[in-house]
Each structure stands twice: as C-alpha cells, then as structure tokens.
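Letter by letter, the chains look like this.
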4 protein chains.
Amino acid sequence: MKNIVSFTALVISLTIVGSSAEARLGKTSIDTNVVNLSISETEVRNAQDAWGRALIQISTDHDKSGARAATETARKVIDGAYGYQLGTVLFKPTLTSGEQTFRTTKDGALAYFVGGNKAYPTDSGFALKGWRDFKYENAGVFINGDLALTMGKVHLTDKSGKVTSVDKTWAFKKDSSGVVRIVLHHSSLPYQP
Amino acid sequence: MKNIVSFTALVISLTIVGSSAEARLGKTSIDTNVVNLSISETEVRNAQDAWGRALIQISTDHDKSGARAATETARKVIDGAYGYQLGTVLFKPTLTSGEQTFRTTKDGALAYFVGGNKAYPTDSGFALKGWRDFKYENAGVFINGDLALTMGKVHLTDKSGKVTSVDKTWAFKKDSSGVVRIVLHHSSLPYQP
Amino acid sequence: MKNIVSFTALVISLTIVGSSAEARLGKTSIDTNVVNLSISETEVRNAQDAWGRALIQISTDHDKSGARAATETARKVIDGAYGYQLGTVLFKPTLTSGEQTFRTTKDGALAYFVGGNKAYPTDSGFALKGWRDFKYENAGVFINGDLALTMGKVHLTDKSGKVTSVDKTWAFKKDSSGVVRIVLHHSSLPYQP
Amino acid sequence: MKNIVSFTALVISLTIVGSSAEARLGKTSIDTNVVNLSISETEVRNAQDAWGRALIQISTDHDKSGARAATETARKVIDGAYGYQLGTVLFKPTLTSGEQTFRTTKDGALAYFVGGNKAYPTDSGFALKGWRDFKYENAGVFINGDLALTMGKVHLTDKSGKVTSVDKTWAFKKDSSGVVRIVLHHSSLPYQP
C-alpha cells in the first residue's frame, strides 16, 4: 500500500509544489509562449482532494442547515466536479445495485448523494452520513494527456469516529479551459473473503 | 441497463462492422494518407471480447491440460492484453482484499488468475473456475483519444451453468503500433443491500 | 499529389458521409451511452472547408460592404475558428516576415487578415484580396485524439481568376464541447528553385 | 521574437532541468506508482536539440567520411527521429516544390537530406551543406497530451560562417515506450516582401 495523505497536510504541500513548479517552468521557458493542455500530477491530487472536501461539505451543510441546503450543495458539486455536461459519466457508487447500479445521469448521481428521489427508492443519501474526514492512498496513477486515472483506498470518517474504507477508481478529464472533471467513478466495498 | 451482447454473436457482428468501416474509410479519404491513432468503438468492443475469450481459454486449458498449461496461457494473456510494460497497471480484481487488494505488478496479476504463488496466499486462481461463457452489458463508453473507458456488468458462466455477475470498469489504451492494452481494471461483486 | 476537392462538391459529400456515419454508429452502439471526444476525419475536412468559406466571406463582405464590415467578419472568424482563447496560436501566415513573422496573438492575426493596424505596418490585409474560390489537396492527415494535423496545397482564386497556391499546415483541436479550432497554422509560398 | 538557445548551452541546461525534475517528481509522488505518458516541455526541447545535432552529424560525416557514411547516418536519423513507421510523416522540407513538395515517405525524406536518388532529381542533399551550428527560437509551444507542436525560427550556420534562417513547425509525438518522434515538419524560407 502506498502514500497516506491527510486532508490538511495535502492542501499545504500542494501549494508549495505548485509554486515551485511555476518557478521552474518560468526558467525552462525563457519567455516562450507555452500552452500545455495535459493534466499534471498536482492537478490530479487537487481534484481528489476537492472530492473529499465536497463530500464533507455536503455532510456538514446537512447537519447544520438541513436537507434542502445539502441538496443545493450537492447539485453544485455535481455540476462543478463531474462531467455530466459531456453527455454521460460512468459512475458506479459504493452502495447501488440491480438495475440502478450505474448512475450515468446527473439525476442518478444527485439521488445517490442526497436521496429524496422517488425514482431511486433505495437511495438514502450517501453524502448525508455525517462525514467529517477524508484520506486517500493511491495504489497508482496513470496520466494520459488530459485524462488521468487513479486507483486506491479511500477512508471516510464520520462524526462518531467510525471509518469506512472503499476501493475507488477515478478518471479525471481536464478540459481546454483548465477545469478538471470526474468522467468515471467506480467505488466498491472491500471484498470479504 | 443496456446492450446484452453474447460472445458468439459479437465476433460475427464485429467482423462485419470492421470491413464496412474499412470500405467507408477508403471512400472518405480519396487517396489521402491518413493516420488515425485514436481508438474506435469497434476496437473497444474487440478488446472487451478478447478479454472474455482469454479467460475462457485459460479455464479450458486448465481443465484439458492442467495447471502448467493454464499458467502458460495466463502469462501470454497478461503480456498481450495488459499494459504492465508501461510501468504499472491499475488492477483491482474481484476477489482481492487487504494489503493485496491492488495488483499493480505482472506477478500480482498472474497470481490472481492462476494462483500457485506463495507470496499471494489467498489467491486460488480466478481463471481456473471452469468458465465457459462470457457476456457484457456496457452502461457507458467514454473515448478520449487513444484511451477508452468502459463500465458495466460482466456475466460469467461456469461449466455447471452457474452465472457470476460483476460490476466492471476497464481502461483500454491503444499504443502507437495499434495494440490495445488494459491499463486499468476494477472489478467488484455487486453490493448486497 | 492527392485528392482535389472543390468547395461545392465537398459540402455535399460531407453531408452524405456524415449521415451514413451516424447511421452506422447507432447500429454499433446498441443503446449504449457512448461519449467520443476524439476528432474524426469528417470533422477535420469540415474545419478545412470552413476556413476557406470564411476567407471568401471576408473578401466578399469587403467588396460589398467595405473595410469595417470585413473587419467585423474577420473578428468573428478568428474568435470562432482559431484557438486564441487557449492562450496562444502558433500562426505563421503566408506573407509575414522579420520580427512580425509569427502571429501568436489575436491582434496579430486580425492585422494580417484585414490590415489597418499601425502596429503591423506591412500588413495590407490578406483576406481583402478578392478571394472567390478555395480548393485544397491534403498530402496527409494525422489524427491524434482530439488533435488533427493536415498538410497540403491550398489554391485560392481571386475575382480576376488568378490562382495563388500555398503550402499549408494546420493543427485542429476539438474541445470537450465539440468545437474545432485552429491551434497551429503555417502557410508558405512554394519554394522557387 | 523569443528565446535564443545556443546548441552547447542547451545540452547542459537540459541535463540540469532533467535531474531537478526527477527529484521533484519523487517528492511529489510519495511512493505512488505514477505512469505519465504526456510529453513534457523538457522532452520537446530535447527533441528539437536532437534534430539540430543530427543534421550537424550528417554534415560532419559527409565532410570527413564521404557520401556513403552520410547516407548511413541520415538513414539512422530518419528511423530514430521521424515517425515513418506510423504510416506517414507530414514533411514539407525547405527546398522542395511541385509534385515532390511533400515527403510523406521515408525514401522521400532520405532523398531530401542526402540526395543521390534518381526519383528525386532536384534533391542535392540538404544535410550535406556543411552545417556546423544550430540555434532555435520558439515563437510558441503547444502541448496536447503525448503530442507537442512548436513553431519558430531555426538558424543554421555552415562551415564558412554563413547563416541560413528558416520558419519551422514541428509536431513531436511521444509513443507509449517514451520515444519522441517527428510526425510533422514544415520548413519554409522567410517571405521576401
């Protein structure tokens, strides 16, 4: 198993890496106009981090301000962090099954995160479970141009201190305006031998 | 849920699509030299199909010729169909857990498929379970240049007729010589509510 | 030398190819959600064709409605067909030289096409030369994901019937919303031995 | 105009940048398996530099060891640095015209560089002109995954001290094994107003 990065430490280290990378780029470039549309390792980590932060935000909004506020936040998160405007997202959430296993539409994703949609009767709202902390351990990262794949363990801690661990795969796509979006997300409970 | 494609029917339809696509290309191009390094939907389906065929081959070799023959076949399959020579493959097999959940090395993948490796004591050989038929239903396909993502259900039938269904994500990378390889593979048993 | 495609014939043939390709795609897909962000050969030809049409439009607007109208059209063409909003375009127009050879900014491109910018004193407005017809012969096309390269001869005919031929390279980038833009354009007069 | 990088200085600076980039990568990664198939700015500059070095090598081999040695070197350069094995290269050399303007085959490229091919009667061997020094000034660099575009001035100095400047566009493709190849090359003499 690989690196364990805690939420707070990550934000700090990313800032440092970011600025040193910028400094280095300036030196290499010697005034040349350079456009680089590939996704960097730092951008991948930022996106993973943003996902965890968003999940915690929805949970916190739910606990502080209720279901409507949490739904509003979830809607913004899905619009901003997922790529449903590209046509479809390949999304297999942790706790879905049967005919509704895959949530390739925005409505299906929203139902999973905050529940309250009669069309998805088994959804109780994964993001409403009082999440307070988020850690990830990448087993590997595969960067292919503007698309990056990550696979690893994600550990979520709720307000009672209970930790839930899942096996998680993400594909992040950086569009030409620099916005990074999740285009694939497969999450599963660990196999119990 | 989406298309159900049976193994035998697929091979035939792909051949037909393949040749009509070639004919069409010749017409469009009007003698121009065209190199196209992107992966096509047909190549993605061919690769999914090849994975199923390979799994059945390992099982059949095992039943007919024993463990050594099956291991030899599995080794060839991993060399030919997975991208370990790129440095790592993001592989989360169906039945792995704990510290050995992710099989980012070729040895780890081989152990999972055919067992017999003391370093992976819980592996009994997933490909040796007498598989005889393979079907897949893609919930979605996302093509991004030379890399394609697929997500859906895969149904495996063993020689007793028992069907095992899994939720499966693949990323296929077509290299510059036209060879398509699996660079990510996340398989999980359906969630039991 | 390769295919000679006349302007009018092209539009018709592209439409036909386009619809047959769509029909074929529907059949292959069998209801699966497919997102494909790669650029197709048809999209490349459409973009080449659009460039020629735009040049003729600027010329025609100039002759019919004067310099201001032509400038307005040119501005729209550059905004719509070139990728300056990505940060820079690698543009070497046919008739530029010295310190102003490369037009990596939008202002530099506009000055080249319609003149009238004191900062570019040698620019007389390439698009104002009364162009009425456009043909291209691709020597080759190289497609790499969402980016396509073309190289070949472009023949421009003005209202007096005089033909100007140039050696031209384009790189077209298809962004995630499906818009195709020129990110590189190198044009040069044929070498005179 | 942008950065002027002399041949010798470049080799040194690239080595330094290379090792610092490696060091940085190790730090960022914290033991994660990372595969990155995108081309970096450093790899682009290395490839530009390698092209100049190769041209000088062919010239030097010609002057020291004669035409046969130069041809052997040119053949190796084309095999190693150009992408003809991908099917075609979009190559418009500086001094070609008419029906033989574009050299989309390996034979056409070799004839241009070293002459001696009756099928290309106007080729006298561009690489045999006694080149001794090479400098480039990039007007811009556009990186899109594993493919990079560069455009700028290239200045070649021969053994008599005479400098020839050309406007040059390159597209470099990094294949999955890490080898960087020229897939497009458009070179033209500056426009004479």
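Residues numbered from 1 in each chain as written. Chains lettered and ligands numbered in written order. Predicted model: local features only at pLDDT ≥ 70, side-chain atom pairs only at ≥ 80, totals over all residues. Heavy atoms only, no water.

**Q** Summarise helix α2 (residues 41–65) of chain B; cite the residues concerned and give the values.
**A** Its 25 residues place the ends of α2(B) 35 Å apart at the C-alpha level, agreeing with the 36 Å of an ideal helix rising 1.5 Å per residue. With its phi angle positive at about 95°, G66(B) sits one or two positions after the end of α2(B). (Helix = DSSP H or I, 4+ residues; strand = E, 2+ residues; numbered from the N terminus. Expected span 1.5 Å × (residues − 1).)

**Q** Describe in detail the pattern of salt bridges, supporting the description with residues and values.
**A** Here the structure, examined in full by the defined rule, presents 36 salt bridges over all chains. Of the charged contacts, one joins K153(A) and D167(A) as a salt bridge, the two residues approaching to 2.8 Å between their closest N and O atoms. With K153(A) in strand β5 (residues 147–158) and D167(A) in strand β6 (residues 163–174), the pair connects residues that are 14 residues apart, well separated along the chain. Among the residues examined, K153(A) registers a relative accessible area of 10% and is labelled buried. Put simply, D123(B) and R103(B) hold a salt bridge, and the shortest N to O gap is 2.7 Å. (Salt bridge = Lys/Arg side-chain N within 4 Å of Asp/Glu carboxyl O. Buried < 20%, exposed > 50% of the residue type's maximum accessible area, 1.4 Å probe, protein only.)

**Q** Please set out the packing of helix α2 (residues 41–65) of chain C against helix α3 (residues 67–81) of chain C residue by residue, giving values where relevant.
**A** All names here are of chain C. Running from N to C, α2 and α3 point in directions that differ by 160°, and their axes come no closer than 7 Å. As summarised for this structure, α2 and α3 are arranged roughly antiparallel, according to the angle between their axes. The handedness of the crossing between α2 and α3 is right-handed. Across the interface between the two elements, A54, Q57, I58, D61, H62 and S65 from α2 touch A67, A69, A70, T73, A74 and V77 from α3. (Axes fitted to C-alpha atoms, helices over the stretch in contact; angles between N-to-C directions. Parallel < 35°, antiparallel > 145°, perpendicular 65-115°, else oblique. Left-handed = near helix turned anticlockwise from the far one by under 90°. Contact = heavy atoms within 4.5 Å.)

**Q** Lay out the pairing of strand β7 (residues 180–188) of chain D in plain terms, naming residues and giving numbers.
**A** All names here are of chain D. Within β7, eight of the nine residues are buried, leaving the element largely enclosed by the surrounding structure. Pairing geometry for strand β3 (residues 90–92) and β7, over three bridges, is parallel. If you follow F91 over to β7, its bridge partner there is H185. Relative to β7, strand β6 (residues 163–174) is paired through eight bridges, and the arrangement is antiparallel. Bridge pairing links D167 to S188 in β7. In textbook terms, the turn of a hairpin is the stretch between consecutive antiparallel strands, and for β6 and β7 this stretch comprises five residues, one of which, G178, has a positive phi near 95°. (Pairing = 2+ DSSP bridges.)

**Q** A description of the interface of chain B and chain A should follow, citing residues and the corresponding values.
**A** Frequently, the measure chosen for interface size is the accessible area that the parts lose on association. Each side of the interface is counted separately: chain B has 39 residues, and chain A has 39 residues. Between chain B and chain A, a total of about 3,200 Å² is buried, with carbon and sulfur atoms accounting for 71% of that surface. A per-residue breakdown of the area chain B buries against chain A is headed by F102(B), M151(B) and Y191(B), which together make up 22% of the total. Our count for the contact surface shared by chain B and chain A stands at zero salt bridges. Connecting chain B to chain A are 10 residue pairs in polar contact (both at pLDDT 80 or more). Only β3 (90–92), β4 (131–144), β5 (147–158), β6 (163–174) and β7 (180–188) of chain B provide two or more residues apiece to the side of chain B that touches chain A. For the side of chain B that touches chain A, the element with the highest residue contribution is β5(B), accounting for six residues. Across the side of chain B that touches chain A, the residue classes tally to 18 nonpolar, 14 polar and seven charged. (Buried area = accessible area lost by both parts, 1.4 Å probe. Polar contact = N/O pair within 3.5 Å; in protein donor to acceptor, adjacent residues only side chain to side chain. Nonpolar A, V, L, I, M, F, W, Y, C, P; charged D, E, K, R; others polar.)

**Q** Explain helix α3 (residues 67–81) of chain A to me, using residue names and the numbers behind them.
**A** All names here are of chain A. An ideal rise of 1.5 Å per residue puts 21 Å on 15 residues; α3 measures up with 20 Å between its terminal C-alpha atoms. Listed as buried for α3 are A70, T73, A74, V77 and I78. Take α3 and look down its axis: the buried residues cluster within an arc of 135°, on one side only. Facing away from the buried side of α3 by over 90 degrees, the exposed positions are R68 and K76. At its buried positions, α3 is contacted by α2 (41–65) and α4 (106–114). (Arc of directions from axis to C-beta.)

**Q** Can you break down the relation of the copies chain B and chain A residue by residue, with the values?
**A** With an RMSD of 0.0 Å, the operation that places chain B on chain A is a rotation of 180° combined with a shift of 0.0 Å along the axis. Read as a symmetry element, the transformation amounts to a two-fold axis. Residue S188(B), judged by its C-alpha, is the member of chain B lying nearest the rotation axis, at 3.2 Å. A high fraction, 100%, of the interface residues of chain B reappear at the interface in chain A, so the copies pair face to face through one surface. (Least-squares fit on C-alpha atoms with pLDDT ≥ 70 in both.)

**Q** Account for the packing of aromatic side chains, with residues named and values stated.
**A** All names here are of chain B. Summed over the entire model, instances satisfying the criterion amount to 48 aromatic pairs over all chains. A centroid spacing of 5.6 Å and a plane angle of 35° characterise the contact between Y82 and F91, whose relative ring orientation is tilted. F91 sits in the buried class, given a relative accessible area of 1%. (Phe/Tyr/Trp six-rings, centres within 6.5 Å; stacked < 30°, edge-to-face > 60°.)

**Q** Pulling in residues and values, what's your account of the nonpolar core?
**A** Residues and elements named next belong to chain A. Within the largest apolar cluster, 37 residues are counted, with the highest numbers of intra-cluster contacts made by Y82 and F113. If you list the elements that add at least two residues to this core, you get α2, α3, α4, β4 (131–144), β5, β6 and β7 (180–188). If one sorts the elements of this core by residue count, α2 sits on top with seven residues. When neighbours within four sequence positions are excluded, F113 is seen to be in contact with W51, L55, I78, Y82, F91, G125, F126, A127 and L128. (Core = buried A, V, L, I, M, F, W, Y, C linked by side-chain atoms within 4.5 Å.)

**Q** An account of the side chain of R181(A) is needed here, citing residue identities and associated values.
**A** Residues and elements named next belong to chain A. Looking at where R181 falls in the secondary structure, it is placed in strand β7. Notably, R181 is buried but unbridged: the nearest opposite-charge side chain belongs to D175, and the N-O separation is 4.2 Å. Reaching out from R181, the side chain makes a polar contact with the backbone oxygen of D79 at a distance of 2.8 Å. For R181, the contacting residues outside a window of four places in its chain are D79, G80, A81, Y82, G83, Q85, A171, F172, K173 and D175. (Lys, Arg positive; Asp, Glu negative; His and termini not counted.)

**Q** Please provide a residue-by-residue account of the packing of helix α3 (residues 67–81) of chain D against helix α4 (residues 106–114) of chain D, values included.
**A** Residue and element names in this part refer to chain D. The contact between α3 and α4 brings their axes to 10 Å, and the two run at 135°. Comparing the axis directions of α3 and α4 gives the class oblique. Crossing angle aside, the handedness with which α3 passes α4 is right-handed. Residue-level contacts link A70, T71, A74, R75, I78 and D79 of α3 to K106, A109, L110, F113 and V114 of α4. When its residues are assigned to classes, the contact of α3 with α4 shows seven nonpolar, one polar and three charged.

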